[in-house]
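Residue-level structural notes
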Amino acid sequence: MGALMRAKDWAATPLGPPEHWPQSLKTAVHILLTSRYAMWLGWGEDLTFFYNDAYRPTLGIKHPWALGSSTRVVWAEIWRDIGPRIETVLQTGEATYDEALLLLLERSGFAEETYHTFSYSPLADDTGKVAGMLCVVTEETKRTIGERRMALLRELASNLASANTQPEVFAAIERQVSGYRKDLPFTLLYLFDHDGSGRARLMSATGVRASHPSAPTVIEPETAAAPWPAHELWTDAAPTLVGDLTRWFATEPPTGEWDRPPAQVAVIPIKSQGQERPAGFLVAALNPYCRYGADYAGFIDLLAGQIAAGLANARAYEEERRRAEALTELDRAKTAFFSNISHEFRTPLTLMLGPLEETLAGPDGSISDLAREQLQMVHRNSLRLLKLVNDLLDFSRIEAGRVEAHYQPIDLAAYTAELTSVFRTAVERAGLQLVVDCAPLCEPVYVDCDMWEKIVLNLLSNALKYTFAGKISVSLIAGAKTVQLAVSDTGTGIPEHELPHLFERFHRVEGARGRTHEGSGIGLSLVAELVKLHGGTVEATSVLSQGSTFTVTVPTGTAHLPRERLGTPSAPVSPMPIAAPYIEDALHWLPPAVNAALPVLGPDHFFVVGTADRPQKARIVLADDNADIRDYVRRLLDTHYTVEAVADGVEALAAIDRALPDLVLTDVMMPRLDGFGLLAALRARPGGSDVPIILLSARAGESSRIEGLRSGADDYLVKPFAAQELLARVDANLALSRLRRHSAQVEREARAQAEQAQQQAEAANRTKDEFLAILGHELRTPLNPIIGWTQMLRRGKVPPDKLDKALEVIERNARLQTQLIDDLLDVSRIMRGSLTIHPRPITLSSVVGAATEAVRSLAEEKQLELVELLEAEVPLNADSTRMQQVVWNLLINAIKFTPSGGRIQIQLEHQDDRARLTVSDSGAGISPAFLPHMFERFRQADTRSTREQTGLGLGLYIVRSVVEAHGGQVWAESEGEGKGATFTVLLPVLTSAG
């Protein structure tokens, strides 16, 4: 500009030759030219225009003719805005100041939306009179427009996050987009029909009424008169610019917040990743005062992407809702099925139990002792089956709302004591003490007697099942308006994390030590339902290894009960008919040696050495906690083999240690040590690898069989089984065992290979478990601040000055969780080779800038200096969304491992035919040993800041995959731990040849 001023013929201007200028003007011009800040000044009555090099971009095509011209001519298009300010300075000698003032400059051949922060200051001549003015200016156009667009995207994302249905998505779009009419004077959102016809339907409109000719409700496929290219978008999904809008608007198109209509409309497909065809398209009218460049296109693309994500989430939510409705319907059908099948079971069970009881009640000698023993076993198990059927029937009635309770006033203390007494024999035979404390109550209590019996008996049965020493206590205490039943034991206790699930249907505590593993998981859940029908509650408290207490609280009086269900006082019937199945079950949990009421096993129950009268036979160890199954199988095998029958895996190991058997036959589910534990212990003993083992289990299905065989068992037999099948399999496995001993070396090698495969599978499972643990942590971490701030907002505990911070924290953590889910989906696509890239001409600097703005708040929160060194134009043929993902991941990685007060620099350079992007930090650095593994899936450095060691190790893996998919390279460098790190990305630029 100094050279231009020297070459200027100033004699032709009102100021005349420079040698005649006042010294004050020369000084002002000197200050102007030597400043690197954008400045211009006007001097004299004509306000002759001077400016420096830093101001040239603001003038645009007006350079250089503006030099020496009148300021009124130079800025004629904005004189109505700046003229009054200049006149104020000249007349009063007082400076003005404006921040981010909108000025429509014609510096590029058209009126352009620009924003400037500037001050007008007076300039005095040599006499001290105001003779001109000086402008010091900063252009804020990119920042102002960028913040405005980011605000829309941020607010829309926040609203879409809570939109669960498509109508809610459309409402959120209209609500947010309608508030940003400068960038989007009007918008239309169309979705294609799901039938594949290509028919598009209008779903949302802002700035234009839905009945307008430009916004048809339906656009049929290949309609020539349609205003928007719906068919072209349906077939190739390419973004389109549409001009000549007067064709569809009888008057001017909607102007939004401007004084002139838009000249162009961008039509952008709405397409989620993985879809071949777009779900619809967005019609976005463009700002008439802004050129449609890379930044504008990127903003529209991000808007379309958010809409696509919102629609995808809504579709997923609606699918989930439909699945939930289907599951509810399935549950109703299941309840009806249980009700019907329970009724059907009761008929044959009645026909079974009746003749059995008549036969067993016959005179001595009417049937043989062996037949009586077998019929007693059938009778006991028929009672068990009837109890289970009754429980299922009770559940079906409760769920269907068809329960027929009859509440009558009874002496609840006496009745509860009587119910408890029927369990005394079983409790005392188990070596336990039964303590009953049911003091008389001052008034009768209304209960359904049958239901109360099931409540008490289930709780007593549960206590006996899990108590091996000590006592079981039953107490009934009157409260102010309630009666409280407590059943306590000194048993094995319940883990704390299991307590909330105790009363769920079919729930069983995994790994609990009990007298048997049999059970359906119905008892406690039935108790909860029956107590609820009495208007009461049930809860459990427990200390592991010390015992548990179940407390039932029911109201007294009748106000809580249906009046039509109330009955008159009557004597309760004997509890024995209902109690019998519970007692039979409990007695058969006990060892035969302490249960005189049960058939005592003969002397052949123990191991018998062969004698001269009885030759040595193959020895089998049989382990099953069900006494009937144990006796039945022992009798089947006794004719051919020597059988030692035991109740669980611990006793089986003791028998094995006494003498190695020829075969082990074991149930899978047993107390203390189950079948898999017994299998592992047997294989670990000397010679145990040569002993065949057959697993017995009630778990049917191919997967259960495979699980058993893979665990090292020789065979797997599903209950119920045929006697001949059991004998055949035992005989076959014994024969194979003899063959195996002749080929021991081959067997050992094969087993070694199997063990190696098992170890690899276990290692893979451990890796998976670790990954799932980390994933759970990462998914929960953003939820904690979201839930915390949300609860505080709901309770009104957030002060007004903290409201913005609360919303910012909620939004940021929601974005973090969305990014984590997107990363997991991307990794899945990468592993399947289905990662989609949609390249198009873009400017990398705009992508980098958008990603940097997205993480700036995180950097500021950590007090990090974020430095951008970006070249203005680096053209690429790339997927803008994917490239922003690359930059975002690199910046997040740098922020994560840079301590507070550190520095992060992102630099973009154009080097020959390559774009070079580097992200450098002053953080923890990378050890040389870990550098080669930086971009591997699920890998995390252990040597970096331990406080920041979170994440799934996916970000850099995705970065490498996306960069390589664009034909680029990425690598990391570091001088060592504590010396920072630099990540470099090289990408091919877009040349003129394409």
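Scroll up a little and you will see the structure.
Residues numbered from 1 in each chain as written. Predicted model: local features only at pLDDT ≥ 70, side-chain atom pairs only at ≥ 80, totals over all residues. Heavy atoms only, no water.

Turning next to the overall build of the protein chain. Counting secondary structure elements, the protein chain contains 25 helices and 30 strands. A fraction of 65% describes how many contacts in the protein chain between residues 6 or more apart in sequence connect residues 24 or more apart. For the protein chain, the exposed surface amounts to about 48,500 Å²; the carbon and sulfur share of it is 54%. (Helix = DSSP H or I, 4+ residues; strand = E, 2+ residues; numbered from the N terminus. Contact = heavy atoms within 4.5 Å. Areas by Shrake-Rupley, 256 points an atom, 1.4 Å probe, with all protein chains shown as cover.)

Attention shifts here to the nonpolar core. Within the largest apolar cluster, 57 residues are counted, with the highest numbers of intra-cluster contacts made by Phe-423 and Trp-452. Ranked by residues supplied to this core, first place goes to helix H13 (residues 449-465) with 10 residues. Counting 46 residues, the second-largest nonpolar core is a separate cluster that includes Ala-859, Ala-878, Leu-890 and Ala-981. (Core = buried A, V, L, I, M, F, W, Y, C linked by side-chain atoms within 4.5 Å. Buried < 20%, exposed > 50% of the residue type's maximum accessible area, 1.4 Å probe, protein only.)

Here we come to the environment of Lys-532. Checked against the element boundaries, Lys-532 lands in helix H14 (residues 523-533). Put simply, Lys-532 and Val-552 are 20 residues apart on the chain and 10.0 Å apart in space, counted from C-alpha to C-alpha.

In this section: the pairing of strand S2 (residues 48-51). Burial along S2 is two-sided: Thr-48 and Phe-50 facing one way and Phe-49 and Tyr-51 facing the other are all buried. Pairing of strand S1 (residues 39-43) with S2, which is carried by 4 bridges, proceeds in the antiparallel orientation. Looking at S2, one finds that Trp-43 is bridged to Thr-48. The loop that links S1 with its antiparallel partner S2 comprises 4 residues; one of these, Gly-44, has a positive phi angle of about 85 degrees. (Pairing = 2+ DSSP bridges.)

It is the contact of helix H6 (residues 141-161) with helix H7 (residues 166-177), at a shortest axis distance of 9 Å, that shows an interaxial angle of 155 degrees. With respect to their mutual orientation, H6 and H7 come out roughly antiparallel. For the element pair H6 and H7, the recorded crossing hand is right-handed. Contacts from Leu-152, Glu-155, Leu-156, Asn-159 and Leu-160 of H6 reach H7 at Val-169, Ala-172, Ile-173, Arg-175, Gln-176 and Val-177. (Axes fitted to C-alpha atoms, helices over the stretch in contact; angles between N-to-C directions. Parallel < 35°, antiparallel > 145°, perpendicular 65-115°, else oblique. Left-handed = near helix turned anticlockwise from the far one by under 90°.)

The next point concerns helix H11 (residues 412-421). For H11, the set of buried residues is Leu-412, Ala-413, Tyr-415, Thr-416, Leu-419 and Thr-420. An end-on view of H11 places all buried positions within 165 degrees of arc, on one side of the element. (Arc of directions from axis to C-beta.)

Per the stated rule, a full pass over the model turns up 16 aromatic pairs. Centroid distance Phe-49 to Tyr-51: 5.7 Å. Interplanar angle 45 degrees. Geometry classified as tilted. A single burial state applies to Phe-49 and to Tyr-51, both of which are buried. Taking 6.5 Å as the distance between ring centres and 55 degrees as the angle between the ring planes, the aromatic pair formed by Tyr-51 and Tyr-55 counts as tilted. Each member of the pair, Tyr-51 together with Tyr-55, is buried. A connected cluster of aromatic rings, assembled from ring pairs, spans Trp-40, Phe-49, Tyr-51, Tyr-55, Phe-118 and Tyr-120. Looking at Arg-149, its charged tip hangs above the ring of Tyr-296, at a distance of 4.4 Å from the centre. (Phe/Tyr/Trp six-rings, centres within 6.5 Å; stacked < 30°, edge-to-face > 60°. Lys NZ or Arg CZ within 6 Å of the ring centre and 35° of its normal.)

Enumeration over the complete set of coordinates arrives at 31 salt bridges. Where Asp-183 meets Arg-148, a salt bridge forms, and the shortest distance between an N and an O atom there is 2.7 Å. In this pair, Asp-183 sits in the loop between H7 and strand S6 (187-192) while Arg-148 sits in helix H6, placing the two residues 35 residues apart along the sequence. Of the two residues examined, Asp-183 and Arg-148, each falls in the buried class. Three or more residues are tied together by salt bridges with common partners; here these are Asp-193, Asp-195, Arg-199, Arg-201 and Glu-220. (Salt bridge = Lys/Arg side-chain N within 4 Å of Asp/Glu carboxyl O.)

This part covers unusual backbone geometry. Each neighbour pair has its own omega, and for His-63 with Pro-64 the value is 5 degrees, a cis peptide bond. The topology assignment puts Pro-64 in the loop between helix H3 (56-59) and helix H4 (71-74). Backbone geometry places Ser-545, a non-glycine residue, at a positive phi of 70 degrees. Looking at the secondary structure, you find Ser-545 in the loop between strand S17 (537-543) and strand S18 (547-555). Taking the relative accessible area as the measure of exposure, Ser-545 reaches 61% and is therefore exposed. Its identity is not glycine, yet Arg-672 carries a phi of approximately 65 degrees, on the positive side. Looking at the secondary structure, you find Arg-672 in the loop between strand S21 (663-667) and helix H18 (675-684). Residue Arg-672 is classed as partly exposed on the basis of its relative accessible area of 46%.

The periodicity of an α-helix, 3.6 residues per turn, causes residues three or four places apart in sequence to face the same way. Counting buried residues in helix H25 (residues 955-965) gives 8 out of 11 residues, a clear majority hidden from the surface. Buried within H25 we find Gly-955, Leu-956, Tyr-957, Ile-958, Val-959, Ser-961, Val-962 and Val-963. Positive backbone phi, at 75 degrees, marks Gly-967, one or two positions downstream of H25.

On to the environment of Val-483, then. Its place among the elements puts Val-483 in strand S16 (residues 482-489). Taking the C-alpha atoms as reference points, Val-483 and Thr-556, separated by 73 residues in sequence, lie 6.7 Å from one another.

Ordered by their spatial adjacency, 5 strands build an open sheet running S13-S15-S16-S18-S17, and the pairing between neighbours is mixed. Two strands close off the open sheet at either side, each with one partner strand: strand S13 (433-438) and S17. The sheet shows a mean angle of 10 degrees between the axes of neighbouring strands, direction not considered. Sheet contacts for H11: S13, strand S15 (471-478) and S16; angle to S13, the most-contacted strand, approximately 170 degrees. Strand contacts of H13: S15, S16 and S18, with the helix running at about 25 degrees to S16, the strand carrying the most contacts.

In this section: the packing of helix H24 (residues 880-896) against H25. At a closest axis distance of 9 Å, the pairing of H24 and H25 adopts a crossing angle of 145 degrees. Here the hand of the crossing between H24 and H25 comes out left-handed. In contact with Arg-882, Gln-885, Val-886, Asn-889, Leu-890 and Asn-893 of H24, H25 contributes Gly-955, Leu-956, Ile-958, Val-959, Val-962 and Val-963. The residue makeup of the contact of H24 with H25, split by class, is 7 nonpolar, 4 polar and 1 charged. (Nonpolar A, V, L, I, M, F, W, Y, C, P; charged D, E, K, R; others polar.)

Here 5 strands make up an open sheet; going across it, the order is S20-S19-S21-S22-S23 and the pairing parallel. Each having just a single partner strand, strand S20 (642-646) and strand S23 (715-718) make up the two edges of the open sheet. Going across the sheet, the axis of each strand differs from the next one's by a mean of 20 degrees, ignoring polarity. Across 4 bridges, strand S19 (residues 619-623) lies against S21 in parallel orientation. In the sheet register, Ile-620 faces S21, and the bridge partner there is Leu-663. Each of S19, S20 and S21 is contacted by helix H17 (residues 649-658), which is oriented at about 165 degrees to S19, the strand it contacts most.

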